[in-house]
Amino acid sequence: MNQSILKICLLICVFCLPAMAADNKLRVVATTPDFGAIAREIGSNMVEVTVLAKPVEDVHFVSPKPSYITKLARADVLIEGGAELEIGWLPPLLDGARNPKLTYGQPCHVACSEGLALLEVPSVADRAQGDIHGKGNPHFMTDPLNAVHTAKLICDAFIQADGKNADAYRNQLNSFTNRLNEKMVLWQKQLEPFKGRRIVAYHNSWPYFAARFGLKMDIFLEPKPGIPPTPAHLSKVISTVKVEKIGVIVVEPYQNRKTAKVVADKTGAVIADFTQYPGGVACSGDGYIELLDYLVNTLAEALKKN
Ligand SMILES: [Zn+2]
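Not measured: the values here are computed from a predicted model.

Topic: the environment of Asn165
Move 1: Along the chain, Asn165 falls in the loop between helix H5 (144-161) and helix H6 (166-191).
Move 2: The exposure class assigned to Asn165 is partly exposed, which follows from the 18 C-beta atoms found within 10 Å.
Move 3: Here the alpha-carbon distance between Asn165 and Gly43, two residues 122 residues apart in the chain, equals 9.4 Å.

Topic: the environment of Lys65
Move 1: Structurally, Lys65 can be placed in the loop between strand S2 (47-51) and helix H3 (66-73).
Move 2: The exposure class of Lys65 is exposed, given the 11 C-beta atoms found within 10 Å.

Considering the domain arrangement of the protein
Move 1: Splitting the protein by domain gives domain 1 (20-183) and domain 2 (194-305).
Move 2: The centre of domain 1, based on its C-alpha atoms, is set 25 Å off from the matching centre of domain 2.
Move 3: Of the residues lining the interface, 31 residues belong to domain 1; the matching set on domain 2 comes to 25 residues.
Move 4: Contributions of two or more residues to the side of domain 1 that touches domain 2 are made by helix H2 (33-43), H5 and H6.
Move 5: Here the side of domain 1 that touches domain 2 gets 5 residues from one element, more than from any other, and that element is H2.
Move 6: Considering only residue class, the side of domain 1 that touches domain 2 consists of 13 nonpolar, 9 polar and 9 charged.

Considering helix H4 (residues 90-97)
Move 1: Residues of H4 that are buried include every one of Leu90, Leu93, Leu94 and Ala97, and no others. Down the axis of H4, the buried set is contained in an arc of 100°. They therefore lie on one face. Summarising the geometry of H4, the exposed residues directed more than 90 degrees from the buried face are Pro91, Pro92 and Asp95.
Move 2: Check the buried side of H4 and you find it contacts H3 and strand S3 (77-80).
Move 3: The first or second residue beyond H4 is Arg98, which carries a positive phi of 45°.

Comments concerning the sheet that holds strand S4 (residues 109-111)
Move 1: Taken in spatial order, the 4 strands of this open sheet run S2-S1-S3-S4, and their pairing is parallel. Only two strands of the sheet have a single partner each, and these edge strands are S2 and S4. Averaged over all pairs of adjacent strands, the angle between strand axes in this sheet comes to 20°, irrespective of strand direction.
Move 2: Relative to S3, H5 is tilted by about 170°, and along the sheet it contacts strand S1 (26-30), S2, S3 and S4.

Observations concerning the sheet that holds strand S5 (residues 198-201)
Move 1: Judged by pairing direction, the sheet is parallel, and its 4 strands sit side by side in the order S6-S5-S7-S8 without closing on themselves. The open sheet has two edge strands, strand S6 (216-220) and strand S8 (270-273), and neither has a second partner. For this sheet, the mean angle separating the axes of adjacent strands, direction not counted, is 35°.
Move 2: Summarising the sheet, S5 and S6 pair through 3 bridges and their orientation is parallel. Residue Ala201 lies in a different strand from S6, and its bridge partner there is Phe220.

Remarks on the confidence of the model for the protein
Move 1: Residues of the protein with pLDDT of at least 70 account for 91%, and the chain-wide mean is 92.
Move 2: With pLDDT under 50 throughout, residues 1-21 is counted as low confidence; its partners more than four residues away or in other chains account for 1 contact.

As for the nonpolar core
Move 1: One finds Val28, Ala39, Ile42, Val77, Ile79 and Ile154 to be the most contacted residues of the largest nonpolar core, which totals 79 residues.
Move 2: Domain assignment of the residues forming this core places at least three in each of domain 1 (20-183) and domain 2 (194-305).
Move 3: Contact partners of Ile42, with chain neighbours within four places excluded, come to Ala151, Ile154, Cys155, Phe158, Tyr169, Gln172, Leu173 and Phe176.

Reading guide: rules and limits
Going along each chain's sequence as written, the residues are numbered from 1 onward. Residue-level local features of this predicted model are given only where pLDDT is at least 70; pairs of side-chain atoms are given and counted only at 80 or more, and the full residue set underlies all totals for whole chains, interfaces and linings. For helices the rule is a DSSP run of H or I covering at least 4 residues; for strands it is a run of E covering at least 2, with both sets numbered from the N terminus onward. Residues are called buried when their C-beta atom has 20 or more other C-beta atoms within 10 Å, exposed when it has 12 or fewer, and partly exposed otherwise; all C-beta atoms are positioned from the backbone. Domain borders in the structure are assigned automatically or taken from a domain database. By the convention adopted here, residues make contact when the C-beta atoms placed from their backbones lie within 7 Å. Following the grouping adopted for this structure description, the nonpolar residues are Ala, Val, Leu, Ile, Met, Phe, Trp, Tyr, Cys and Pro, the charged ones are Asp, Glu, Lys and Arg, and the polar ones are all others, Gly among them. Working definition: the arc comes from the directions between the helix axis and the C-beta atoms, pointing outward to the latter. Pairs of strands are assigned from DSSP output, requiring at least two bridges between the strands. Only the stretch in contact is used when fitting a helix axis, every axis being a line fitted to C-alpha atoms; angles between N-to-C directions are given from 0 to 180 degrees. How sure the predictor is of each residue is captured by pLDDT, a score from 0 to 100. Residues of type Ala, Val, Leu, Ile, Met, Phe, Trp, Tyr and Cys that are buried and joined through C-beta atoms within 7 Å form what is called a nonpolar core.

As structure tokens, this is what we get:
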């Protein structure tokens, strides 16, 4: 073999090997970065995970791109929240992708809210007035125990799609669950001194987190989920914050910090930067557990101050 042919062969090998390896992996699409982070925990190097929504994007109003259709068309597994979390943008993308593996109800189409008792399920959906939580509150991943539920559903789907690695997926699930349960004890201890404290949130994203840690996060800058704050509503919030001496307002990256600052300035409350998604704020890692570490630390510090 002459040298130039050898060089070409080597180049082909260099370019082909990673592609072949990638081809052996399960192709997973997650709608949001929290589901993506847990998919990576459970799937480790057996999966290739693509996340559609950016960590600083509002999950209710994600801008769909044509490239998302391509990703969905070639996916083996789809992980979404369900409970209408992605109703404004995911269904048309799935229609466009025409991927029979991801049809609603198929085992590789995971709706992580399935099997959970959602909070705030309305007796009658109130969408006419703009409420985007028509089937109950879809931000269930802010309770770490719901993340364990999600991890189990994801593990089941991976085993369905890739049975030869079933034991490895189960081991990853056990390791994630054990680490999270150990952390839960610490998180509970950190927030224990603040039990019963009331906190303002911009959007109603935190009732599961609040319920898990004995807090009240039931006063919002938005008059209804998805409806921007109005002066009349904000003045009511300001007076409640003053009367009850509420000390903390949590704001997520895509929400209007200026509005929160107006309320903070008029009441003396402090703003805590919260996020539902790994990558939404700078923290010690890009996993779900690191995210919860960040949230618990940030809130405990803010409540201590105020
Ligand atoms: Zn919402």
